[in-house]
Amino acid sequence: MIQIEMLNVGGQAVQGLAIQHPGGEGHPNMLILLCKKGYIMCGYLNTEGAKSFEDAAAVVGGSCFEEILANPVKAVTPKAAEMGVEVGMTGAEAAEKLSK
């Protein structure tokens, strides 16, 4: 099942996309938050692909949008770092930087 939800993060519209249990029951959800200038992805996806396309992306673990926004950033691409996204900030803080 695919869920799409519009989220308000710091006054900015962020589109959440969740693919629930892509590997079947018991597998984690695949989550992506699409911001104006980049995106936040769960650990299911990898930074190497994002880097190769010069995307502004951050990795944040979580099983739902609320956790992705609350949990700390684990990795960033160079393009996201240029925009001020840092490891350790919350997903919400990263989303705000990627939405400006």
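Data block above holds the structure.
About the cut-offs
- Residues numbered from 1 in each chain as written.
- Predicted model: local features only at pLDDT ≥ 70, side-chain atom pairs only at ≥ 80, totals over all residues.
- Heavy atoms only, no water.
- Helix = DSSP H or I, 4+ residues; strand = E, 2+ residues; numbered from the N terminus.
- Buried < 20%, exposed > 50% of the residue type's maximum accessible area, 1.4 Å probe, protein only.
- Polar contact = N/O pair within 3.5 Å; in protein donor to acceptor, adjacent residues only side chain to side chain.
- Contact = heavy atoms within 4.5 Å.
- Pairing = 2+ DSSP bridges.
- Axes fitted to C-alpha atoms, helices over the stretch in contact; angles between N-to-C directions.
- Disulfide = S-S within 2.5 Å.
- Core = buried A, V, L, I, M, F, W, Y, C linked by side-chain atoms within 4.5 Å.
- Salt bridge = Lys/Arg side-chain N within 4 Å of Asp/Glu carboxyl O.
- Arc of directions from axis to C-beta.

S.K.: How would you sum up the side chain of Thr77? Please name residues and give values.
M.R.: Counting through the fold element by element, Thr77 comes out in the loop between strand E6 (73-76) and helix H3 (78-82). You can call Thr77 buried: its relative accessible area is 1%. A polar contact of 2.7 Å, which involves the side chain of Thr77, links it to the backbone oxygen of Asp55. When residues no more than four places from it in sequence are discounted, the contact partners of Thr77 are Thr47, Ala50, Lys51, Asp55, Ala56 and Ala57.

S.K.: Tell me what's going on with the sheet that holds strand E4 (residues 39-41), and back it up with residues and numbers.
M.R.: Whether parallel or antiparallel, the strands of a sheet pair through hydrogen bonds between backbone atoms. Strands sit in the order E1-E2-E3-E4-E5-E6 across an open sheet of six strands; the sheet is mixed. Each having just a single partner strand, strand E1 (2-9) and E6 make up the two edges of the open sheet. Across this sheet, the average inter-strand angle for adjacent strands is 25°, counted without regard to direction. The sheet strands contacting helix H4 (residues 91-98) are E1, strand E2 (12-19), E4, strand E5 (57-60) and E6, and the helix crosses E4 at an angle near 150°.

S.K.: A description of the state of the cysteines should follow, citing residues and the corresponding values.
M.R.: A complete count under the given rule lists zero disulfides for this structure. Cys35 takes part in no disulfide bond, and the closest cysteine sulfur to it belongs to Cys42, at a distance of 14 Å.

S.K.: Explain the environment of Val76 residue by residue, including any values.
M.R.: Following the sequence through the fold, Val76 ends up in strand E6. When its relative accessible area of 21% is taken as the criterion, Val76 is described as partly exposed. Sequence spacing of Val76 and Leu17 is 59 residues, and the spatial spacing of their C-alpha atoms is 19 Å. Ignoring sequence-local partners within four residues, the contact set of Val76 consists of Ala57, Ala58, Ala81, Val85, Glu86 and Val87.

S.K.: I'd like a rundown of the nonpolar core, residues and numbers included.
M.R.: Counting residues in each nonpolar core, the largest one holds 24 residues, and the members touching the most others are Val9, Leu33, Ile40, Ile68, Val85 and Leu98. Looking at this core, the elements with two or more residues in it are E1, E2, strand E3 (30-34), E5, helix H2 (65-70) and H4. Looking at this core, the element that brings in the most residues is H4, giving four residues. Setting aside residues up to four positions removed in sequence, Val9 forms contacts with Val14, Leu69, Ala92, Ala95 and Glu96. Membership of the second largest hydrophobic core comes to six residues, among which are Ile32, Met41, Ala50 and Val59.

S.K.: Residue-level account of the pattern of salt bridges, with values.
M.R.: Tallying each qualifying case throughout the model produces one salt bridge. Close ionic contact of Lys51 with Glu48 constitutes a salt bridge, the shortest N to O distance being 3.3 Å. With a gap of three residues between them, Lys51 and Glu48 both fall in helix H1 (residues 47-52), about one helical turn apart.

S.K.: Mind laying out H4, listing which residues take part and the relevant values?
M.R.: Since the α-helix turns once every 3.6 residues, residues separated by three or four places project in the same direction. If you check which residues of H4 are buried, you get Gly91, Ala92, Ala94, Ala95 and Leu98. Buried residues of H4, seen end-on, are gathered within an arc of 160° and therefore sit on one face of the element.

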